[in-house]
Each structure stands twice: as structure tokens, then as C-alpha cells.
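Residue-level listing of the chains:
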Amino acid sequence: MATQQTRLLGKLAVAPSVVVLFLWMIVPLALTIYFSLLRYNLLDPGNESFVGIFNYQYFLTDPAFFLAIGNSLKLVFAVLAISIIGGTLLALLLDQAIVGRNIVRLMIIAPFFVMPTVSALVWKNMFMHPVSGLFAWLMKSVGLQPIDWFAQAPLTAVIIMVAWQWLPFATLILLTAIQSLDEEQKEAAEMDGTPPLSFFYYIVLPHLARPITVVILIETIFLLNVFAEIYVTGTGGPAGNLPYLVYFQGLLNFDVGGASAGGIVAVVLANIVAFFLIRMIGRNLES
Amino acid sequence: MKAMLTGVLGAFALAALSTTTLADTKLTIATVNNGDMVRMQKLTDDFTKTNPDISLEWVTLEENVLRQKVTTDIATKGGQFDVMTIGTYEAPIWAKKGWLVPLDSLGADYDVDDLLPAIRGGLSMNGKLFAAPFYGESSMVMYRTDLMEKAGLKMPDAPSWEFVADAARKMTDKASETYGICLRGKAGWGENMAFLSATANSFGARWFDENWKPQFDQPEWKNTLTFYLKLMQDAGPPGASSNGFNENLALFNSGKCGMWIDATVAASFVTNPKDSKVADKVGFALAPDNGLGKRGNWLWAWSLAVPASSQKAEAAQKFVSWATSKHYIELVAAKEGWANVPPGTRTSLYKNPEYLKAAPFAQMTLDSINSADPTKPTVKPVPYVGVQFVAIPEFQGIGTTVGQIFSAALAGEKTADDALAEAQTATTREMTKAGYIK
């Protein structure tokens, strides 16, 4: 019965790390759930009391909650659309043999390595500022009234900033995928005289289906958590998403109970999204 | 965030290790990054010279970040800071919680009775001072004397809202980018809501009635908001919904505003020829009223307080006493000139002929501060203290939410009625949740 013994041994060997990982996950989660059931305002200590689902009721009926959910979804979908469509086009362009191709590729990928707070500050003060920004200067130089981005179109402004950051990621993944396209297939299509559009539609796009789902999965996880761009540009009122709302409850209202309830709601929603995404991707990867 | 926190803690630990050998007591002071506070940091040699056993460490932060840091620190009894810079909003709340050390050993020559009564009242509880004012401010009307003359009007010392609105409309000439009045519109409890709450007081409105029921459904608030929106539409600059203190200062200094109602500290900026194009054409008047007995001016004082969690309260009080003393004012005057001393805290400053000569706005500042009463801010009775804020812990959140709603109304996205209804619902929700409304 050597196999059973080794199996037991194996289980024992991994047990410590599993236990640590489990505790690592469950302790903060359990504490958050515990706090979410209390009336606990940081500015009113000593008056904590158990209130059951009260915090959840308040969070879920808050008009700001629906606004935040809407903003979260708009942000995720808009950035996904921009980065996948733009990323595919950029990847096709970068796949061509041009002079200095390596440098161009490096430059295109660079935004991905800029920290979100830094990129938000640069966009806010140097591009979108209604008086001293580059966009304002461009619009003034053709005689138009400059747009005050963060007052007139705050969500669009945030989408532009976040998309700028994530477009390179999509480009990178899609470019490697395009480069792995079978050379023989390409030659065969060329010899058959396939027009470029049909070549793209029938050969490149199906080939990209898997990397695109990977991009969707990874970006969705990160885009649901966008915070720095919204916080730094001060657009939390009209363009705040779910993480911002939790921040607002926790650090502006100092309402630990309400913020914890918000955090749990966000975790549940993220899990629902992840459930569908992983099923979708699983199907795609199996087929 | 976590990595940053450990980094900061590590830095503190290191700093603590490296300075213990130099001095016996190290005070960590949290302060706000505005001009007067930064100036104080440069002058601390004067303090450490007479107190060689005390060393100072500064944590200088932007207003909102400072507020978050010190609030979480004091609420969790973190004990990270020995001296905190707080405003008249925090002082009464924290004093009531027992989070602040009463300042009773400020020294024999401190002269507490010299502090302006309105400011002192806002920082005291049961007759005990809990925070020492570093500088104080109210709000007043700053106007262009040349434009006023051109409009054929004469600004009284104590104008009514009716006069101000009429003058603003007459001074406006949109073709030459001259706007009759510039007012705050940027959302925030310390931005547009500071102005609007103070203005509402003069219209007879109040945030809450005696039972903490929000009052946005009352006619007084409707009058306030419709008056403000209409005035800004007729005589305000474009894009006013994103203008706060700094934006309006820039507009006024470049000659685009006929009138500006804002903090009294702005007076020294708009009359400084280095920054202002209109420095020699500025007049001052009290904030307007509606004949109801309350003016639309606020009261604020950045103050130094010692948290109860500090282990070095005695040394901390020594520092607070130095920074808010008459001696410090004289020190600044000697080094930087009388116009740059921190204003609005001491009666003696407003009797000093040298200061009155250097600061033409001094008398109006003093009158504005004296006419604000944080303990009785409104025409009708209220259960709270605070002129342009409500001194309850929940106000930061509520004020910011309502500020966003009113800012959207100014941007034209909502009507006044919708905005008020929304503000009423949001405030009622928060107050019910916090347990004020049973």
C-alpha cells in the first residue's frame, strides 16, 4: 500500500501551506463580515452594536450604489472595447516589418508600466486641464471652447486614462498571438489570393479568439478595481465606481460597518462576474 | 497602500532611533501645507533654541489627506502624533469625545483672554480651551471699486443680498469676460457647502431642526438655492461648478470678477500687487444679509491641539503655546513683515497700529469674525454648533454628498427642486442610519 502512504505523506506535506493560505484568506474575510454586521463608526467608538443586515440594506438601497454599479460596468465595458479593438489593430500594425520595430514596440508597451496615480496626475494636469492642458490649447488654437473634462465628462475622462494604460497590455498579448500564426497558412492564403479583410476575418480573428478571452478575463478583474484614477482626479462624485463608494463610506464617512458591507457586496458581485467569465473561457479553451 | 504604510512606519521608527540621542523629547507634528504653516516650520529655530530638550518632526500634508490621517489616528488611539492641526469642525467633536488634552498649561504670558471671543468659543468646551488658534478667518465681500463706480453704485459696509445681486447683474459684461460675481461651486463640504451653508443661514434656513430632521424641504432652502443658481446664471463665470477658492482667486486676480465672497485670508492675496492685477482697486464689505439678523459669513480657525493619546503632552503644550503666542506674531512681523502675520486670532493684533497700517483689510476681517457666532449660527434654533458646517462626525460625508448634488444643479444637470429633494432624501438616510432620527 505504498501509494496510499505516499498520498498521505503528500497531503501532510502540502497541508501547512494550504492552512496558511486558507487563514490568509479567511481571517480578513471573516473580520470584514463581522464588521459589516455592526453599527461601527470610527468617530463614535464604544458605541458598537450588532445590527444584523442593517448595513447591507442601507448600502444596497443607496442611490449612489446604483450610480456606482453603472459606472463600474460602463468603465469595464468601454475600456475592454477600446483595448481589444485598438489592441488588435495595433498588433496587426506592429506585426509588419518596419524600421526600428523593436523600439516602436517598446514605446507602445511603455504606458503599462506607468503607475496609475502618476498617469492620472499627468493626464489631469498636462492634458485635460481646461486652462493649461494640451487638449485645451489644441481646441483654443482652432477657436473652440475648451472642454473641462472632469466637470463635463468625468467618466469619459477616466475611461480615456484607464484605456491608455490597458491598451498596451492587450496589444502585447494579441501581438504574440498573431506572431504565432502558422506561416504555411499565411502562404496558402496568399497563394489563393485571399483579400486582406477576408484573411483577417477567417484566419486571424479565429486564431485570436483565445487570447482575446484571456485579455477579457484579466482586464475585467483589474478594471473592476480601478481607484487611483478616480481618486486623484477628484471625479468620485459623478464617476465613482464601487471601490470608490466603499472608500467614501470608510474614509470620508468613517463608517466601518457600512464600508465593510460594501466590501462584501463588491466581493459577491466580483465572484458572480468571475463565475461567468471562467465558464465562458473554459468553454472557449476546451473547444 | 499596505507597503506604503509599512514604509512610512519604518521611516518613523528609523527617525525615532536617530533622534533620541539628540534630544530627550521628540514631538511629531501633523500640519496642513498652506503658506502660514510652512512659514512656521522655517521659524522653529526660535523654539528649539529656548527648548533644547525638545526636537520637532513635521508631517506636512494636503488638507483632505491630513484630515483622514489625523482622524484615523485619533479615533484608533494610534498615538502617532503629539500635535495635530485641526479646524473648528473637529475641535468640538473631539473635545466632547475626550480625545484632546485641555490646554491649561500654556504658560503665564500666553494671555488666553486676548484670543478673539468668537474663535475661542468655537474651540472651547465647558469653558476649557481644547485647541489653540493658529490663524482664523471668516468670509466677506471683496469687490472692484472701479467696476462698482462704473455701474453707478456705492457698496455699503454691510450690504444686503438684494443689493449684491443687483450690483452683480449691473457689473456683468460677458462680452469683455467681466462677471459680476464669482462664488464657489466646486463640490465638497469645505468648498461649495461652506459658502452655501453660511449663505443659507442669512436666508433663515438651517441644516436640521431641533429633532435633527433635515430642512431641505423648507422654503428657506429653496429661496437660498434658487437665488444662488439664478445669480450665477445671470452674473457668474462659465464653468462655475468646478470653481473653488483657488479658481476664484485666480479669476478675481486676473480682473474677471466684479465681486467675490470668500475667506478673509484672500484679502492679503488680492491686494498684493505681485499676484493681483487689480490690487489697487479692491474694496471690502461684510458678507450680505437679508435683514433677518444673520449674515452669510463663516468662521474657521486652523488650530493646534494635543491628542489625549500623546505621551508627551507637556512638551506638546509648550510648542502649541509658542506657535500661537503674541511672541510668534512679532517674530513673523520682524522677519517677514506685518502683512504676513497669521491673522484672526488675537485682539491685540487688531489694536496694533503697525498691523493696521500694513493691512487695509484688517478692520473688515475683525468685524466679519466678530459677527459670526458658531454657537447660534441660524435664525431658527438648531441642535448643533458650527456656522458653515454641522459639528457632528457624520457631516463630512453628508456635506460632500449634498455638495455634489448642488454642484450638479449649478452645472445645469438638475433643477433646484430636484436637487433639494435629492439632498433631503440623502441626508435623511444618513441621519437615520447614524441614529439621530429615531
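J.: Teacher, can you tell me more about the overall build of chain B here?
T.: Of the regular secondary structure elements, chain B holds 18 helices and 10 strands. Against the compact-globule benchmark of 22 Å for 438 residues, chain B has a radius of gyration of 22 Å, which places it among compact chains. If one aligns the C-alpha atoms of chain B with their principal axes, the spans along those axes are about 65 × 55 × 40 Å. Expressed as a percentage of its 438 residues, the buried residues of chain B come to 50%. In chain B, 74% of the contacts between residues at least 6 apart in sequence involve partners at least 24 apart.

J.: Could you clarify how one ought to interpret the overall build of chain A in this entry?
T.: Each helix and strand counted, chain A has 14 helices and 2 strands in total. Seen through its C-alpha atoms, chain A measures out along the principal axes to roughly 80 × 75 × 30 Å. Per-residue burial over chain A gives 31% buried out of 287 residues. A separation threshold of at least 6 residues defines the contact pool for chain A, and within that pool the share at least 24 residues apart is 70%.

J.: It is not clear to me how the domain arrangement of chain B should be interpreted in this structure. Could you clarify?
T.: Interface size is commonly expressed as the accessible area that is lost once the parts come together. Residue and element names in this part refer to chain B. The assigned domain composition of chain B is domain 1 (19-130 + 300-358) and domain 2 (139-298 + 388-433). Taking only C-alpha atoms into account, the centre of domain 1 sits 30 Å from that of domain 2. The interface of domain 1 with domain 2 comprises 7 residues on the first partner and 8 residues on the second. Taken together, the residues that form the side of domain 1 that touches domain 2 break down as 6 nonpolar, 1 polar and no charged.

J.: Before we go on, may I ask you to explain the interface of chain B and chain A in this structure?
T.: Opposite the 16 residues of chain B that make contact, chain A presents 14 residues. Counting only elements with at least two residues in the side of chain B that touches chain A, the list comes to helix 4 (63-75) and helix 17 (395-410) of chain B. Among the residues forming the side of chain B that touches chain A, the class breakdown is 4 nonpolar, 10 polar and 2 charged.

J.: Explain the nonpolar core here, please?
T.: One recurring pattern in soluble globular proteins is that nonpolar side chains are buried together. Formed by 127 residues in total, the largest nonpolar core has its most connected members in Val83, Val141, Met142 and Met259 of chain B. There are two domains that each give this core at least three residues, and those are domain 1 (19-130 + 300-358) and domain 2 (139-298 + 388-433) of chain B. Once residues lying within four places of it in the same chain are set aside, the contact partners of methionine 142 of chain B are Phe252, Trp260, Ala266, Ala267, Val270, Val282 and Phe284 of chain B. Membership of the second largest hydrophobic core comes to 50 residues, among which are Phe150, Ala177, Val226 and Val256 of chain A.

J.: What's the story with unusual backbone geometry in this structure? I'm lost.
T.: Phi is mostly negative for residues that are not glycine, and the peptide bonds are mostly trans. Residue and element names in this part refer to chain B. Phi at aspartate 111 takes a positive value of approximately 60 degrees, unusual for a residue other than glycine. Secondary-structure assignment places aspartate 111 in the loop between helix 5 (90-97) and helix 6 (117-122). Since 14 C-beta atoms lie within 10 Å of it, aspartate 111 is described here as partly exposed. Positive phi values are uncommon outside glycine, yet tryptophan 212 reaches one of about 65 degrees. Tracing the chain through its elements places tryptophan 212 in the loop between helix 9 (192-202) and helix 10 (219-235). Owing to 21 C-beta atoms within 10 Å, tryptophan 212 belongs among the buried residues under this scheme.

J.: How do you make sense of the pairing of strand 6 (residues 132-144) of chain B when you look at a structure like this?
T.: Strand residues, when the strand is regular, have side chains that alternate between the two faces of the sheet. All names here are of chain B. Among the 13 residues in strand 6, 13 count as buried, and that is most of the element. Across 6 bridges, the pairing between strand 6 and strand 10 (residues 299-305) is antiparallel. Bridge pairing in strand 10 places glutamate 137 opposite tryptophan 300. Sheet topology note: the strand 6/strand 8 (residues 257-263) ladder contains 5 bridges and is antiparallel. Across the sheet, methionine 142 pairs through a bridge with tryptophan 260, a residue of strand 8.

J.: What am I meant to see in the packing of helix 8 (residues 154-179) of chain A against helix 10 (residues 196-223) of chain A here?
T.: Helix-helix packing is described using two parameters, namely the angle between the two axes and the distance between the axes. Residue and element names in this part refer to chain A. Two elements in contact, helix 8 and helix 10, have axes separated by 9 Å at closest approach and are oriented at 145 degrees. As for how helix 8 packs across helix 10, the hand of that crossing is right-handed. Seen from helix 8, the contacting residues are Val162, Trp166, Ala170, Ile173, Leu174, Ala177 and Ile178; seen from helix 10, they are Val204, His207, Leu208, Pro211, Val214, Val215, Glu219 and Leu223.

J.: Just checking my understanding: could you explain the packing of helix 8 (residues 161-171) of chain B against helix 10 of chain B for this structure?
T.: Residues and elements named next belong to chain B. Relative orientation of the contacting elements helix 8 and helix 10 amounts to 20 degrees, with a least axis distance of 9 Å. What the angle tells us is that helix 8 and helix 10 run roughly parallel. By crossing handedness, the relation of helix 8 to helix 10 is classed as left-handed. Mapping the contact onto sequence places Trp161, Ala165, Ala168 and Arg169 in helix 8 and Phe227, Leu231, Asp234 and Ala235 in helix 10. Residues of the contact of helix 8 with helix 10, tallied by class, amount to 6 nonpolar, no polar and 2 charged.

J.: How do you make sense of helix 10 of chain B when you look at a structure like this?
T.: Residue pairs three or four apart in sequence face the same way in an α-helix, which turns once every 3.6 residues. Residue and element names in this part refer to chain B. Taking 1.5 Å per residue, 17 residues should reach 24 Å; helix 10 reaches 24 Å between its end C-alpha atoms and fits that length. Along helix 10, the residues that are buried comprise Glu220, Trp221, Thr224, Leu225, Tyr228, Leu229, Met232 and Ala235. In the core, the buried residues of helix 10 are packed alongside helix 8, strand 7 (179-182), helix 9, helix 17 and helix 18 (416-433).

J.: Is there a simple way to explain the confidence of the model for chain B in this structure?
T.: Low pLDDT means the predicted coordinates in that region are not meant to be read closely. Residue and element names in this part refer to chain B. Taken as a whole, chain B shows an average pLDDT of 90; of its residues, 95% reach a score of 70 or greater. Of the regions scoring below 50 in pLDDT, residues 16-22 engages in 4 contacts with residues more than four places distant in sequence or in other chains. With pTM at 0.81, the complex prediction returns an ipTM value of 0.72.

J.: How should I be thinking about the environment of valine 273 of chain A in this particular structure?
T.: Mapped onto the elements of the fold, valine 273 of chain A is located in helix 14 (residues 256-286). Sequence-wise, valine 273 of chain A and leucine 9 of chain A are 264 residues apart; in three dimensions their C-alpha atoms are separated by 37 Å.

J.: Which parts of the structure should I look at to understand the pairing of strand 3 (residues 83-86) of chain B?
T.: All names here are of chain B. Alternating residues of strand 3 divide into Val83 and Thr85 and Met84 and Ile86, and every residue in both groups is buried. Two strands pair when backbone bridges link them, and strand 3 and strand 10 are joined in this way by 3 bridges, in the antiparallel orientation. In the strand pairing of strand 10, threonine 85 is matched with leucine 304.

J.: Explain the environment of tryptophan 300 of chain B here, please?
T.: Residue and element names in this part refer to chain B. Mapped onto the fold, tryptophan 300 is located in strand 10. On the basis of neighbour count, tryptophan 300 is assigned to the buried category, with 29 C-beta atoms found within 10 Å. As for tryptophan 300 and isoleucine 54, which are separated by 246 residues in sequence, their C-alpha atoms are 30 Å apart. Other than its neighbours up to four places away in sequence, tryptophan 300 contacts Gly87, Thr88, Gly136 and Glu137.

Parameters and conventions
- Residues numbered from 1 in each chain as written.
- Chains lettered and ligands numbered in written order.
- Predicted model: local features only at pLDDT ≥ 70, side-chain atom pairs only at ≥ 80, totals over all residues.
- Helix = DSSP H or I, 4+ residues; strand = E, 2+ residues; numbered from the N terminus.
- Rg over C-alpha atoms; globule rule 2.2 N^0.38 Å.
- Buried ≥ 20, exposed ≤ 12 C-beta atoms within 10 Å, placed from the backbone.
- Contact = placed C-beta atoms within 7 Å.
- Domains from an automatic or database assignment.
- Nonpolar A, V, L, I, M, F, W, Y, C, P; charged D, E, K, R; others polar.
- Core = buried A, V, L, I, M, F, W, Y, C linked by C-beta atoms within 7 Å.
- Pairing = 2+ DSSP bridges.
- Axes fitted to C-alpha atoms, helices over the stretch in contact; angles between N-to-C directions.
- Left-handed = near helix turned anticlockwise from the far one by under 90°.
- Parallel < 35°, antiparallel > 145°, perpendicular 65-115°, else oblique.
- Expected span 1.5 Å × (residues − 1).
- pLDDT = per-residue confidence, 0-100.

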